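What the coordinates show
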Amino acid sequence: MESNKHVVTRRDFVYGTMSAAAAVSIVGAMPAGADEDASTRSSSVVVVRDEKVQGSDQKVDANVLKKMLEETVVRVTGKTTTKEAWLSLVTPNDVVGLVSTPHLNPTHNEVVDAVKAGLMEAGIPEKNILLAQGGPDKAKACTALIGLPSLKAHWLTGIGTVMKLYIMYSGKPRDYHGENNAKLGEIWNLPDVKGKTKLMLVDALRPLCDKGPQPDPQYMWNYNGLIAGADPVAVETVCLKIISEKRRAINKEPWPLSPPPLCVEAADKVYKLGTSNLAEIKIEKFGWMQDVLI
């Protein structure tokens, strides 16, 4: 297990991959003291995998996926039953928005359907469960959000998974492309978004490690996993590690994402959304361990 390696550093991102002008811009955007070492923190991320959830034909076995999801939410919350787990995240009075990756290597429908079914079995009325991907009005309509992004690289933001998930809530997605992906964290602090995310559950059944979001079979593989946690930055950090290790395996040497995913560390250091230091993240892995990459 490699969770004790500090692979995401401010020096790596700001000085190693950005142009000098962009580096000045990002540093200037930081509030006083934002780049100082954080006090001791701890975030947990759960990785659940099952080799049998899909085969070479990429057909998802809904029954296997259901068991994976149940284990995931129980492990994330520390509760005894699936019902208790869901109800520790949301209540029947919440309007729960399910926010998935909408197109071009989208979240599997089976994942969205399984989460909706789990919520309903826990007592959340169907009318209170919304598909909430889209513009600012979608976020405003919800009292709680569950993120369901697919795991993928992205040619406009480096990684196109957790931090990018709410980009449409900004009403101006083009403002967050290229090196400006470092600003994605500000979307999470918008009044209609801030504090609403109860769980980040990543669809890592068949990730894409390059050329995203357009699917390219040569860079896709059956990871057959779910990655989840309450800390979105920690979840994204684990996702970034998996993508980076897969790219290294393909290229036989480090193969940096382009543009660099500045959003991950900035979400921590600038926007205070969670933990981007892999050494501060407790990673719990369950199920199939072959090529787990983390």
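Calculation criteria
- Residues numbered from 1 in each chain as written.
- Predicted model: local features only at pLDDT ≥ 70, side-chain atom pairs only at ≥ 80, totals over all residues.
- Heavy atoms only, no water.
- Core = buried A, V, L, I, M, F, W, Y, C linked by side-chain atoms within 4.5 Å.
- Buried < 20%, exposed > 50% of the residue type's maximum accessible area, 1.4 Å probe, protein only.
- Helix = DSSP H or I, 4+ residues; strand = E, 2+ residues; numbered from the N terminus.
- Contact = heavy atoms within 4.5 Å.
- 1 Å grid on protein atoms, 1.4 Å probe; cavity = no way out; pocket = protein on both sides within 12 Å on 5 of 7 lines; lining within 4 Å.
- Points joined across faces, edges and corners; volume = space filled by probe spheres on them.
- Nonpolar A, V, L, I, M, F, W, Y, C, P; charged D, E, K, R; others polar.
- Axes fitted to C-alpha atoms, helices over the stretch in contact; angles between N-to-C directions.
- Parallel < 35°, antiparallel > 145°, perpendicular 65-115°, else oblique.
- Left-handed = near helix turned anticlockwise from the far one by under 90°.
- Polar contact = N/O pair within 3.5 Å; in protein donor to acceptor, adjacent residues only side chain to side chain.

**Here's the deal with the nonpolar core**
Counting residues in hydrophobic clusters, the biggest one holds 54 residues, and the most contacted among them are M163, Y166, Y169, I227 and V238. Those elements giving two or more residues to this core turn out to be β1 (43-49), β5 (150-154), β7 (197-208), α7 (232-251), α8 (262-269) and β9 (281-287). A total of 8 residues in this core trace back to one element, the largest contributor, which is α7. Beyond its immediate sequence surroundings of up to four residues, Y169 is in contact with V99, A132, G134, G135, P136, K138, A139, L145, I187, L190 and V193. If you look at the next biggest cluster of nonpolar residues, it comprises 32 residues, including V48, M68, V96 and I129.

**A look at the layout of surface pockets**
There is about 310 Å³ of room inside the second largest pocket. Around the second largest pocket sit 19 residues that line it, and P102, H103, H154, K164 and I167 are the ones nearest its centre. A per-class count over the lining of the second largest pocket returns 9 nonpolar, 8 polar and 2 charged.

**Looking at the packing of helix α3 (residues 62-77) against helix α5 (residues 109-121)**
Each pair of packed helices can be summarised by the angle the axes make with each other and by the distance between the axes. Here α3 crosses α5 at 60°, and the two axes come no closer than 10 Å. Here α3 lies oblique to α5, going by the angle between them. The element α3 and its partner α5 pack so that their crossing is right-handed. Packed against α3, whose contacting residues are L65, K66 and L69, the element α5 presents E110, V111, A114, V115 and E121 at the interface.

**Details of the environment of Q58**
With respect to the element layout, Q58 can be found in the loop between β1 and α3. Along the backbone, Q58 and N224 are 166 residues apart, and their C-alpha atoms lie at a distance of 9.8 Å. When neighbours within four sequence positions are excluded, Q58 is seen to be in contact with R206 and N222. Within the structure, the side chain of Q58 is placed 2.8 Å from the backbone oxygen of S56, a separation counted as a polar contact.

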